[in-house]
Amino acid sequence: MTRGTTPRRPSRSGRQEAVRATKSIAPKSAAHPAVRRSTPAAATPKPAVQNKKSAARYNPIDPDRVRQIIAGLDQMYPNATCALHHRSAWELLVATILSAQCTDVRVNMVTPIIFEKYPTVKDFAALQPEQLEPDIRSTGFFRNKAKSVVGAARMIVSDFGGKVPDTMDELLTLPGVARKTANVVLGTWFKKNDGVVVDTHVTRISRRLELTRHEDAPRIEQDLMQIIPRERWTDFSHEVIWHGRTLCMARNPKCADCKIEKLCHAADKTWSTVEIHKDAKP
Ligand code: SF4
């Protein structure tokens, strides 16, 4: 039977296999380290939390642990890639600008229409932002996005010979392009690992997995770049984003179906066979 269809309930004795494996670092008072949060509050045993001794030994960014997390993500999402539809670096750049505060599904509904209307970068460069606004209105923040797209098109035409630049420094000169957008374009289209894409999913999951303690994208990216091998930066980003969409959602993550569950001590897990770390939270 598929795991997750009928998730294991914590045993009354607390002697699950995984509990025995972590016994040496579990607090003595933790009779029931495994806990399913969805059980009624009165019947839910308190999650085991780190004591000072185990916290001192535990290193969440231990290279072995990071390797296991990457291997688990590879196993779960072997074909993860960017969900934004595109046929060129320009189309990917536009789609990524439009995806801010918007779902990829919505962006994928809008982009075919605008690329049919304005097939080339030059067509966009010739527009006034107000002309683009009605077509991208449904993606939200449409006035700013229209300015960014048209501004980027004009600069690509005037400064880069009509071609989307393929370096971080150059991409960052384009209006509306910050590191996240640049990383998407460089990693997905140009196959260059210049950084890690840090969006809402990567932020939440990196914090749950204790790969960072920071909350802001620049420092989270720096932390991840220190511990993830460079050749994996883009794949890691895509895999974590897919994980955030399919299992590790902000609310009620499907921990019983997660292949890296044993490596995750997140405080807001819905199912756990390992001790909970109260600081490991989004
Ligand atoms: S165990 Fe749950 S919280 Fe942890 S990574 Fe998996 S789905 Fe996310």
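Coordinates for the structure precede this section.
Residues numbered from 1 in each chain as written. Predicted model: local features only at pLDDT ≥ 70, side-chain atom pairs only at ≥ 80, totals over all residues. Heavy atoms only, no water.

Turning our attention to the site of the ligand. In the vicinity of the ligand, the contacting residues are Arg-208, His-243, Cys-248, Pro-253, Cys-255, Cys-258, Glu-261, Cys-264 and Lys-269. Under a 2 Å grid-point criterion requiring more than half of the atoms, the pocket assigned to the ligand is the largest cavity. Tallied by class, residues from the shell around the ligand come to five nonpolar, one polar and three charged. (Near = heavy atom within 4 Å. 1 Å grid on protein atoms, 1.4 Å probe; cavity = no way out; pocket = protein on both sides within 12 Å on 5 of 7 lines; lining within 4 Å. Sits in = over half its atoms within 2 Å of the grid points. Nonpolar A, V, L, I, M, F, W, Y, C, P; charged D, E, K, R; others polar.)

Mapped onto the fold, Val-202 is located in helix α11 (residues 200–208). For the pair Val-202 and Ala-217, spaced 15 residues apart in sequence, the C-alpha separation works out to 9.1 Å. Setting aside anything within four residues of it in sequence, one finds Val-202 in contact with Val-197, Leu-224, Ser-237, Val-240 and Ile-241. (Helix = DSSP H or I, 4+ residues; strand = E, 2+ residues; numbered from the N terminus. Contact = heavy atoms within 4.5 Å.)

So, on to the layout of surface pockets. Approximately 570 Å³ is the volume found for the largest pocket. The wall of the largest pocket is formed by 24 residues, among which Ser-99, Cys-102, Asp-104, Asp-199 and Arg-245 lie closest to the centre. Of all the secondary-structure elements, those providing two or more residues to the lining of the largest pocket are α5 (104–117), α10 (179–189), α11 and α13 (233–246). Looking at the lining of the largest pocket, the element that brings in the most residues is α13, giving five residues. (Points joined across faces, edges and corners; volume = space filled by probe spheres on them.)

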